[in-house]
Amino acid sequence: MKRILIVDDSRVSRKMLRNLLELSGYEVVAEAVNGKEGLELFEKMNPDIVLMDITMPEINGIESLRAIKKQRESTKVIIISGTGHNQRKIEAINAGAEIYITKPYDDNEILEALQKC
């Protein structure tokens, strides 16, 4: 079973993702409220996949993504963001994101992305 870390400053978004993932049989190892906490939990929990927002306090999702890939390139990172600008998508993919999903999303988009990882 793939171990997943959720990083999003929205409590509602984290709860929705956790519910979807757990009901679908995935293990959510932790939730982080910003990129800094996400990096700390990444190091501690060693997840297989990180679901991450871009716009967050302290350290944004792009910076966190780069740090994660620098530490362990094999970790899969899926960006789930309300920022649908093409420039942000390109920046995230160039930084190492496997998939970029724009909010609002359909639950099936998340599940299909996880299956690809």
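First things first, this report covers the structure right here in the doc. The structure displayed is predicted, hence computed values, not measured ones.

In terms of helices and strands, the protein chain carries 5 helices and 5 strands. Listed N to C, the secondary structure of the protein chain is β-α-β-α-β-α-β-α-β-α in terms of helices and strands. Its C-alpha atoms give the protein chain a radius of gyration of 12 Å, within 12% of the compact-globule value 13 Å for 117 residues. Taking the principal axes of the C-alpha coordinates as reference, the protein chain spans close to 30 × 30 × 25 Å. Looking at the protein chain residue by residue over its 117 residues, the buried ones come to 47%. For the protein chain, the proportion of contacts with a sequence separation of at least 24, taken over those separated by at least 6, is 62%. Surface summary for the protein chain: the accessible area is close to 6100 Å², and the carbon and sulfur share equals 47%. Averaged over its 17 positive side-chain charges, the protein chain has a centre that lies 2 Å from the centre of its 19 negative ones.

Side chains on a regular strand alternate between the two faces of the sheet. Direction of pairing for strand β1 (residues 3–7) relative to strand β2 (residues 27–32): parallel, over a ladder of 5 bridges. Its bridge partner lying in β2, Leu-5 is registered against Ala-30. One crossover worth recording links β1 to the parallel β2 by way of helix α1 (residues 11–23), and it is right-handed.

Counting 21 residues, the largest nonpolar core has Leu-5, Val-50, Met-52 and Ile-79 as the members making the most contacts within it. Of all the secondary-structure elements, those providing two or more residues to this core are β1, β2, α2 (35–45), β3 (49–52), α3 (61–71), β4 (76–81) and α4 (86–95). Non-local contacts of Ile-79, meaning those with residues more than four positions away in its chain, are made with Met-52, Ile-54, Leu-65, Ala-92, Ala-97, Ile-99, Tyr-100 and Ile-101.

All of the buried residues along α3 are Gly-61, Ile-62, Ser-64, Leu-65, Ile-68 and Lys-69. Buried residues of α3, viewed axially, fall in a sector of 160°; they line one side. Buried-residue contacts for α3 involve α2, β3, β4 and α4.

Now for the pairing of β1. Extensive coverage of β1 is indicated by the burial of 4 of its 5 residues. Direction of pairing for β1 relative to β3: parallel, over a ladder of 4 bridges. Note that in β3 the partner of Ile-6 across the bridge is Leu-51.

A few words on the environment of Ala-30. Among the secondary structure elements, Ala-30 is positioned in strand β2. For Ala-30 and Glu-40, which are 10 residues apart along the polypeptide, the C-alpha to C-alpha distance reads 11 Å. Discounting residues that sit within four places of it in the chain, Ala-30 has contacts with Ile-4, Leu-5, Ile-6, Arg-18, Leu-41 and Met-45.

The rules behind each value
Residues numbered from 1 in each chain as written. Predicted model: local features only at pLDDT ≥ 70, side-chain atom pairs only at ≥ 80, totals over all residues. Heavy atoms only, no water. Helix = DSSP H or I, 4+ residues; strand = E, 2+ residues; numbered from the N terminus. Rg over C-alpha atoms; globule rule 2.2 N^0.38 Å. Buried < 20%, exposed > 50% of the residue type's maximum accessible area, 1.4 Å probe, protein only. Contact = heavy atoms within 4.5 Å. Areas by Shrake-Rupley, 256 points an atom, 1.4 Å probe, with all protein chains shown as cover. Lys, Arg positive; Asp, Glu negative; His and termini not counted. Charge placed at Lys NZ, Arg CZ, Asp CG, Glu CD. Pairing = 2+ DSSP bridges. Right-handed = clockwise from strand over helix to strand, strands pointing away. Core = buried A, V, L, I, M, F, W, Y, C linked by side-chain atoms within 4.5 Å. Arc of directions from axis to C-beta.

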